Amino acid sequence: MKDILTAKFIKEMCDTTANMYRLGWDERNGGNISLLLDEKDVAEYLDLNKVIREIPIGFEAKPLAGKIFLVTGTGKYFKNVAGDPENNLGVVRIKADGETAELLWGYADGGRFTSEFPAHMMSHMARLAVDPNNRVVMHCHPTNLLAMNFVHELDDRAFTRSLWQMCTECIVVFPDGVGVLPWMLCGTNEIGEATAKKMNDYRVVVWGLHGVYGAGKDMDETFGLIETVEKAAEIYMKTAHLPRLNTITDEDLVTIANHFKVNYRKDFID
Ligand code: 13P
Ligand code: ZN
């Protein structure tokens, strides 16, 4: 059996959490990531019959039964993941009952998965139903996007339009737009359910006055999605208080979306 610390999925998780920390998106223990793994990939590194311990998940995730995820630990700092993967990460498999996670590796200090496990697993269920290639759910607290939450209306359409107008290629990167939730208590099944409901239509969900969720087929795509949203929010925050002399018009948005052949939300265009 190969050493799991050499696995591509562990390296990717280490690199991504380090990058997110470097960009200031994940202060202290802020942020969490879950990555759906291939069973045969995992079998190269772990004995799939060896369960270290079982962890109740507190909701029902039957559609994910048998699926294996690499998940960041609760209370763990993204800045520390690369230096100590076995304490900061865990590999868990959802048991047939859909209500228990089987720990196959990690959380070595007795820890457990992120407190946002409901939002992650419910979002995986929602995205997999729309796109069977979805593998990643990522949450973080990007500075400019969070700042924008305090000065911009928290509405799907209005928020999406403001972001689309900030960088020419935004509509190409997130043609489906951005879903926005009001402030809600985090770490609960309720915010998980609300996030998953938005994830039926959007790959980006803003948690009002808290942060953002992104979903995608791999780490790069999901990271790039959040990176683009955050870049647009940065331009917004740098210009919102200044007179606007130029703007990307709705006609421009349609032109670029058509050129790149993306299926954008027509009802978000005036
Ligand atoms: P965890 O440390 O439980 O992952 O929580 C961090 C966070 O960002 C909560 O929303
Ligand atoms: Zn958070």
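Scroll up for the structure.
Along each chain, residues carry numbers from 1 onward, in the same order as the chain's sequence is written. Written order determines the labels here, with chains lettered from A and ligands numbered from 1. Note on the predicted model: pLDDT of at least 70 is required for a residue's local features to be given, and 80 or more for side-chain atom pairs to be given and counted; whole-chain, interface and lining totals, by contrast, use all residues. Water and hydrogen atoms play no part in the side-chain values, which are based on all heavy atoms of the structure.

(A) Expanded view of the pattern of salt bridges. The rule for a salt bridge is simple: a side-chain nitrogen of Lys or Arg has to be within 4 Å of a carboxyl oxygen of Asp or Glu. Counting across every chain of the model gives 15 salt bridges. For lysine 76, the salt bridge goes to aspartate 109, with nearest N and O atoms at 2.5 Å. Linking lysine 76 in the loop between β3 (68–72) and α3 (78–81) with aspartate 109 in the loop between β5 (100–106) and α5 (117–130), this pair joins segments that are 33 residues apart in sequence. Each residue gets one of three labels from its accessible area relative to the maximum for its type: buried under 20%, exposed over 50%, partly exposed in between, using a 1.4 Å probe on protein chains only. Judged by its relative accessible area of 46%, aspartate 109 is partly exposed. Between aspartate 267 and arginine 265 there is a salt bridge, with the nearest N and O atoms lying 2.8 Å from each other. Classification of aspartate 267 as partly exposed rests on a relative accessible area of 44%. With relative accessibility at 23%, the residue arginine 265 sits in the partly exposed group. Because the salt bridges share partners, they merge into one network encompassing Arg157, Arg161, Asp250 and Asp270. Counting from the N terminus, the helices are the DSSP runs of H or I reaching at least four residues and the strands are the DSSP runs of E reaching at least two.

(B) Spatial organisation of unusual backbone geometry. The backbone of tyrosine 107 shows a phi angle near 45 degrees, a positive value even though the residue is not glycine. You will see that leucine 209, though not glycine, has its phi angle at about 60 degrees, which is positive. With respect to the helices, strands and loops of the structure, leucine 209 is situated in the loop between β8 (204–207) and β9 (211–216).

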